[in-house]
Each structure stands twice: as structure tokens, then as C-alpha cells.
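Notes for the structure review
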Amino acid sequence: MKLGIVMDPIESINFKKDSTLAMMLEAQSREYQLFYITPDSLYINERGAFAIAKLINVKNDPTGWFDFKEEIQIRLSELDVIFMRQDPPFNSNFIYNTYVLESAEKEGVLVVNKPESLRDCNEKVFATEFPECCTPFLVTSNSDLLKSFIEDHRDTVIKPLDGMGGSSIFRLRNSDPNLNVILETITESFTTKVMIQTFIPEIVDGDKRILLINGKPMNAAVARVPAEGELRGNLAAGASAVARSLTEKDLWICEQVGPRLKDLGLVLVGLDIIGDYLTEINVTSPTCFREYESLCDIDVAFNFLEAVEGLLK
């Protein structure tokens, strides 16, 4: 089996936490041939979709987790499957890479997640397709609408639509003396749309990440509990990870969202749930494989590769 992995530089990953490395280790244990592809090496010409790739061997070793073999120019249609694991920001270059991968898809390659759906499903806005699962929200760049929302709900959280890892997330109260400057900054002087939601106090118990494969959830969640004095339940922002059982409301939210994910070819997705509310649907490069294995005794990489092989068949 030939597997292409589009990912950011492998030498810069966090060995202990990286989910893409977990995928690669599992694939290699199944005797897949691994082709490492950086986002800037994808291209199209008159003959089709290509990449400048490196054959790679991965190791479960914190002192050195990969060895490159030869570098080759490969037509993407020579691969059986491609994992698109480029991290946000979701910018023009990310979109352009989905065009290249979509070209490969048309030539018969399975691309996970589906390139068209990666473009269509913004991780913040996609959650708004399921308003019954969400706390009150607003997506806008309009100053009056934002201030009215804050006035009505009094305690809110505002964030950019293209961020990751908890970057540029603010808690805003209607009495905040910095309200105007925060709104001006995050909206780039009210020219860029943002998402604002009511603050969910249950964040103190953690921001639950539930991984779904083919629309079905793992049978536990990893809760990212904010550090003391922090708002953000993101591991990149210093949160600590703990295991959580799925509640009835968690399962209900998964039932609402799961079929839509499967229809869109979103094989691997991470739902973010705070308290009883869906806050984000992560589709670009969902993480927490390592945390699921160490805290919940769930081998997500194994389950993921099993699902991929089922799709290939």
C-alpha cells in the first residue's frame, strides 16, 4: 500500500503528542510504503497532480522519530491513499493545496479528509449547521451586531474563524473597558468576520474532544482542562488532558453531526464540546490520538487505519 502524508515539517512536531506520527507508525506496522509530502511540494501540470516526496521510515523514538530515504517526484495517482494533515491557518495556500488533492482524487486516489469538504467546512462556522447543539452564537464583522450580542448575553467568547490552538480567543463582558479595542483588533477594524458565542461556565471542567471516525465516536472523550487563570481549553495553551466518559448529551450531539460528516467524506473529525454544547467541528488535522491511547486506552490510529482500509476496499 502506498500512502502519501501531506504534513507540516516532521522535524518540528511534538513527538509525545503528534497524531500524524501515530498514524504513520500504525501504517508502517501494516507494511505501507510512506511518502512524506510537505504542503509546498504539491503541484499540478498538464499531466496531472504531482508532489516532490520523500520516502520515509518512522520510529517510536523520542530521540529520532524519522529517517528520510530517497526524494522522488511522484504522480499522486500512483498512491493508494493520501492523508491531508496540513495544519491551519486555513488560508489561500491551504485552499490551493485542496485543488491539487482534488485533482488526485479525480484520478482515483482516496484523500482523507475529502478536499472539497475541507474547503467547505470551516471549523468554527460548520458547527452552526447544528444550532440545536450550540450555545447562542453570531458570525459577523459588524460592530453594532457584535456589541448588541455582548449587551444581550453579557458574558461572551470571541474568536477568529481561521485560528487554531486557542490563538486570539478573548472572553468579553459588556462592562469590559477594552471591549472596543478588542473588537477592532480581532475584526481588523470590522472588515473580517469572527465568531462570538455565549460563555460556557463548564469550561472549568474541560473542553471535551471527541474523535469520530466515519461518523462514529470513540467511546470516550479527552477533556482539555484550562490551566489556572486561563480561559482556553487547548493543550497548546497549557491545558491538561484528562479522560471523560461520554454523557447522554455528548452521544446525542454525535448522533446529530455524525451522518453529515460521513456524507461529506470527513472520515476523521474532532468535535469540541463544552458542557452540553458543541463549539467547533475540527476537520483539518484533528489531534489527541496520543491522549486517547494513554488516558482512555483507545488506539485511534488502529481504528482510523481500519476505516481507511475499509474505504479502499
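The notes below deal with the structure included here. (Residues numbered from 1 in each chain as written. Predicted model: local features only at pLDDT ≥ 70, side-chain atom pairs only at ≥ 80, totals over all residues. Heavy atoms only, no water.)

**With respect to the nonpolar core**
In this structure, Leu76, Leu278, Ile281, Tyr292 and Phe304 are the most contacted members of the largest nonpolar core, which totals 83 residues. Apart from the residues within four sequence positions on either side, tyrosine 292 is in contact with Arg209, Ile210, Leu211, Met218, Ala220, Ala221, Val222, Asp297, Ile298 and Val300. Phe149, Ile158, Leu172 and Ile182 belong to the second-largest nonpolar core, a separate cluster that totals 12 residues. (Core = buried A, V, L, I, M, F, W, Y, C linked by side-chain atoms within 4.5 Å. Buried < 20%, exposed > 50% of the residue type's maximum accessible area, 1.4 Å probe, protein only. Contact = heavy atoms within 4.5 Å.)

**Here's the deal with the environment of tyrosine 32**
Mapped onto the elements, tyrosine 32 comes out in the loop between α1 (19-29) and β2 (33-37). Owing to a relative accessible area of 7%, tyrosine 32 belongs among the buried residues under this scheme. What tyrosine 32 contacts, discounting residues up to four positions off in sequence, is Met1, Leu3, Ala27, Leu305 and Glu309. There is a polar contact of 2.7 Å between the side chain of tyrosine 32 and the side chain of glutamate 309. (Helix = DSSP H or I, 4+ residues; strand = E, 2+ residues; numbered from the N terminus. Polar contact = N/O pair within 3.5 Å; in protein donor to acceptor, adjacent residues only side chain to side chain.)

**Describing the sheet that holds strand β8 (residues 137-140)**
In space, the four strands of this open sheet follow the order β8-β11-β9-β10, with antiparallel pairing throughout. Pairing within the sheet leaves two strands with one partner each, and these edge strands are β8 and β10 (170-173). Taking the axes of each pair of neighbouring strands and ignoring which way they run, one obtains an average angle of 25° across the sheet. Inspection of the sheet shows strand β9 (residues 155-160) paired to β10 by four bridges, in the antiparallel sense. When the bridges of β10 are listed, threonine 156 appears paired with leucine 172. Running at roughly 10° to strand β11 (residues 194-198), helix α4 (residues 143-153) makes contact with β8, β9, β10 and β11 of the sheet. (Pairing = 2+ DSSP bridges. Axes fitted to C-alpha atoms, helices over the stretch in contact; angles between N-to-C directions.)

**Considering the packing of aromatic side chains**
All chains considered together, the criterion is met by nine aromatic pairs. Aromatic pair tyrosine 96 and tyrosine 99: ring centres 6.3 Å apart, planes at 35°, arrangement tilted. With tyrosine 96 and tyrosine 99 both in helix α2 (residues 92-106) and three residues apart, this pair spans about one turn of that helix. One Lys or Arg, lysine 54, reaches over the ring of phenylalanine 68 and ends 4.5 Å from the middle of that ring. The ring of phenylalanine 15 has arginine 290 sitting right over it, with the charged end atom 5.4 Å from the ring centre. (Phe/Tyr/Trp six-rings, centres within 6.5 Å; stacked < 30°, edge-to-face > 60°. Lys NZ or Arg CZ within 6 Å of the ring centre and 35° of its normal.)

**Here's the deal with the pairing of β9**
Most of β9 sits inside the fold, with six of its six residues counted as buried. Here β9 shows two buried faces, one formed by Asp155, Val157 and Lys159 and the other by Thr156, Ile158 and Pro160. Bridge count for β9 against β11 is five bridges, and the pairing is antiparallel. Following the sheet pairing, proline 160 is matched in β11 by valine 194.

**As for the environment of isoleucine 182**
Of note, isoleucine 182 is situated in helix α5 (residues 179-186). Leave out the neighbours within four places in its chain, and isoleucine 182 touches Phe170, Leu172 and Asp176.

**Observations concerning the pattern of salt bridges**
Applying the stated criterion across every chain, the model contains 15 salt bridges. Residue glutamate 280 pairs with lysine 124 through a salt bridge whose shortest N-O separation is 3.8 Å. Here lysine 124 lies in the loop between α3 (115-120) and β8 and glutamate 280 lies in strand β17 (residues 277-282), a separation of 156 residues in the sequence. A salt bridge links lysine 159 to glutamate 280; its shortest N-O distance comes to 3.1 Å. (Salt bridge = Lys/Arg side-chain N within 4 Å of Asp/Glu carboxyl O.)

**Side note on the environment of leucine 34**
Looking at the element boundaries, leucine 34 is found in strand β2. Remark: the alpha-carbon pair of leucine 34 and leucine 55, spanning 21 residues in sequence, is separated by 5.9 Å.

**Quick notes on the pairing of strand β16 (residues 268-274)**
Taken across its seven residues, β16 has seven buried, putting it largely inside the fold. Here β16 shows a buried face lined by Leu268, Gly270, Asp272 and Ile274 and a second buried face lined by Val269, Leu271 and Ile273. As paired elements, strand β12 (residues 207-213) and β16 share seven bridges and run antiparallel to each other. Paired with aspartate 207 across the strands is isoleucine 274, a residue of β16. Two elements, β16 and β17, share five bridges in a ladder whose sense is antiparallel. In the sheet register, isoleucine 273 faces β17, and the bridge partner there is leucine 278. Between β16 and the antiparallel strand that follows it, β17, lie two residues; glycine 275 among them carries a positive phi value of about 60°.

**A few points about the packing of α1 against helix α8 (residues 300-312)**
Interaxial distance between α1 and α8 falls to 9 Å at its minimum, and their mutual angle equals 60°. In this structure, α1 meets α8 at a crossing whose hand is right-handed. Residue-level inspection shows Ala22, Met23, Glu26 and Ala27 of α1 in contact with α8, the latter providing Ala301, Phe302, Phe304 and Leu305. Split by residue class, the contact of α1 with α8 holds seven nonpolar, no polar and one charged. (Left-handed = near helix turned anticlockwise from the far one by under 90°. Nonpolar A, V, L, I, M, F, W, Y, C, P; charged D, E, K, R; others polar.)

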